[in-house]
Amino acid sequence: MTKNNRSGDNQSAFGELLFVREVEQFLFYEVGLLDDRRFEDWTDLFTEDGYYWAPAEINQPDPASGVSLFFDDVPMMRIRFARLRHPRVHSQIPPSRTSHSISNVTAKRSGTGDRVEVEARFQMLDYRPGHDQRAFGGKYEYVLSRGDGGRFRIASKKAVIINCDDVHLPVAVPF
Amino acid sequence: MAGYSNDHIASLVRPDQVHRDVYEDPDLFDLEMDRIFGRSWVYVGHESQVPEPGDFFCTRVGLQPVVMSRHSDGTVYVVYNRCAHRGVKVVNEECGNVGRFMCMYHGWTYDTNGDLDFVTQSEGYPDLEFDKLEHGMGRVARWESHHGFVFANLSPDGPGLREWLGENSDFLDDVAVSAPDGEVEVTGGVHRYLYHGNWKMQVENLIDMYHPAYSHESSSAKGGQQFSRREGDKGGIQFFEKRGKVKSMDGLGTHALPNGHTWQGGLPPVENMSEDHRAYVALLEEKHGPNRTREILIKKRHNVIFYPNMAMQELNPHIRVIRPLAVDRTEIFIYPVKLKGAPEKMFRDQLINLNRTHSPTSLVQTDDVEAFTRAQEGMMTSGNEWVLLARTGPQESLESGRIRTTGTSEEGMRNHYRAWLEYMCADRPE
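As a starting point, this report considers the structure included with it.

Conventions we followed
- Residues numbered from 1 in each chain as written.
- Chains lettered and ligands numbered in written order.
- Predicted model: local features only at pLDDT ≥ 70, side-chain atom pairs only at ≥ 80, totals over all residues.
- Heavy atoms only, no water.
- Helix = DSSP H or I, 4+ residues; strand = E, 2+ residues; numbered from the N terminus.
- Rg over C-alpha atoms; globule rule 2.2 N^0.38 Å.
- Buried < 20%, exposed > 50% of the residue type's maximum accessible area, 1.4 Å probe, protein only.
- Contact = heavy atoms within 4.5 Å.
- Areas by Shrake-Rupley, 256 points an atom, 1.4 Å probe, with all protein chains shown as cover.
- Lys, Arg positive; Asp, Glu negative; His and termini not counted.
- Charge placed at Lys NZ, Arg CZ, Asp CG, Glu CD.
- Pairing = 2+ DSSP bridges.
- Core = buried A, V, L, I, M, F, W, Y, C linked by side-chain atoms within 4.5 Å.

### Details of the overall build of chain B
So, point 1. Check the secondary structure of chain B and you find twelve helices and 23 strands.
So, point 2. Computed over its C-alpha atoms, the radius of gyration of chain B comes to 23 Å, within 12% of the 22 Å expected for a compact globule of 430 residues.
So, point 3. Taking all 430 residues of chain B together, 57% fall into the buried category.
So, point 4. Taking all contacts inside chain B whose residues are at least 6 apart in sequence as the whole, residues at least 24 apart take part in 64%.
So, point 5. Of the roughly 18,200 Å² that chain B leaves accessible, carbon and sulfur atoms contribute 49%.
So, point 6. Charge centroids of chain B, computed over 46 positive and 63 negative side chains, lie 7 Å from each other.

As structure tokens, this is what we get:
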């Protein structure tokens, strides 16, 4: 192996590191918006035809095969969050607080490189005053695309929580 | 279990009030499991959930685990989920397919109708003659089905299923005939949610047309968020008229039947039929002709309670199973009902609408759950021992034994408590 090649390898490895880091930073920002209750900004991260899906069964093949914990397109997200802003959304008075953490991030480019497939593990703590704190966790799968200025947009997000088929108390803020 | 006299139990229910103990007293809850869930017909599941021999589906009757299975002879059985040997729950998955049930503890096996199949090392029981029924998992006293809806009764006494269903059996007929193939299938998964409240709160809420404008203001009112509950409808339900006055839902009507069953109706026809909906109507017309099809599409009942543990709605058809866990803890399972032969897209839309209205992340029932939880807490106060169910409207008693009244009347709940008293106070048939 020549010196030049090694430097090329280093360069691509470094590029890869920066790329994964960029993806991670985006994911941290994304779930942070939920925790900060910036729901409208969060919704704006999705492409117009984007969606967010949480299956109700662990191996559910698609949202058409059965009911889901949620399967929101962007208009539905806007309705969901506008409701959370309603002064008499009784089941959220007082509102839930959440804390999302993300780890084990892998990202790979697909197609022409504008499309990025991401997998990660996550945990969400959920606390509503007067109720027991809950912990949800599982696997995220994203398809990201590059929007204006090369910024990531979410074409799709899927959250499979490991107890998706459990009997749940109400969940207000998405995973 | 406290030894409550019938007089004591009867004193808890007044014509227009019930005592808070019926929601709060754990001893009364135990009695309910024995005397209501142990005496009434209780919804178990639908035959389409166990289509093939060896298929099984586990659920509970009250607190008692049972298995609904399709035996090798094609017949559906309902048996207790318990090994005859040392009491271990035999079947541990919610559903699946087996050749035999096998107990994990000592390897006893049972046929798919619960009969004893094989005892391991049986030479150790020289004095015992094994009987396949007596030493089987144990069949529940009775089970019957109507249009595939399977109900079980743990007591050998009392009316048969059809008599107990009364007019509710007509509703199951209506549901079946609204499927182009003439039958329904329970498929498409299940929504499961939990609340920290008494099971009767959910039953009562289902026929409470007084609460939506207030409980569900955030998802229905002007200024609240509108979303269509059904494909072909433009927006959500509006409970508020122009000048901010709440529109009464009295027009829906409440119908109280014997045995605690209650229904409300009807469901307005779809405003803007999609291509799929038109295809669906065409399929019905092909089979039944235009006049009968028009009748079928007019849903005079859309929300029907099978007291005590099941309710069905024709809006995004689904079954709601009420599963008590404790006096202050209840599980609700929602099963989509597929109209066989209808365009697939209709079922997909139905699933998506059920996600919005009936999942644990729903925009609607989460507010009901909040009300149940706060009621359970509010009733801990001793300042007022009574819950008021006094709301009325013009009311008439029909020959069939049905009482017809207004949508926001609390007659449906009073009807539940008449049945509740009958079950709770009837002498034990020993």
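There is more to say after this.
### Thoughts on the pairing of strand E3 (residues 42-46) of chain B
Residues and elements named next belong to chain B.
So, point 1. Counting buried positions over the five residues of E3 gives five, a clear majority of the element.
So, point 2. With four bridges connecting them, E3 and strand E12 (residues 149-153) associate as antiparallel partners. Looking at the pairing, Gly-45 lines up with Val-150 of E12.

### So, unusual backbone geometry
If a residue is not glycine, its phi is most likely negative; likewise, a peptide bond is most likely trans.
So, point 1. Cis geometry is adopted by the peptide bond preceding A:Pro94, which originates at A:Ile93 and carries an omega value of 0 degrees.
So, point 2. Each neighbour pair has its own omega, and for B:Tyr307 with B:Pro308 the value is 15 degrees, a cis peptide bond.
So, point 3. The topology assignment puts B:Pro308 in the loop between strand E17 (303-306) and strand E18 (310-313).
So, point 4. Non-glycine residue B:Asn316 carries a positive phi angle of around 50 degrees.
So, point 5. Here B:Asn316 is to be found in the loop between E18 and strand E19 (318-326).
So, point 6. The exposure class of B:Asn316 is buried, given its relative accessible area of 9%.

### Section: the nonpolar core
Residue and element names in this part refer to chain B.
So, point 1. Phe-149, Phe-151, Trp-199, Phe-306, Met-312, Ile-319 and Trp-420 are the most contacted members of the largest nonpolar core, which totals 86 residues.
So, point 2. Top element by residues in this core is helix H12 (residues 411-425). It accounts for seven residues.
So, point 3. Beyond its immediate chain neighbours, meaning those up to four positions away, Trp-420 contacts Ile-9, Val-13, Val-22, Leu-28, Glu-32, Ile-36, Lys-200 and Tyr-307.

### Notes on the sheet that holds strand E8 (residues 101-102) of chain B
So, point 1. The strand order E8-E9-E10 (chain B) describes an open sheet built from three strands, whose pairing is antiparallel. Where the open sheet ends on each side, the last strands, each with one partner, are E8 and strand E10 (116-118) of chain B.

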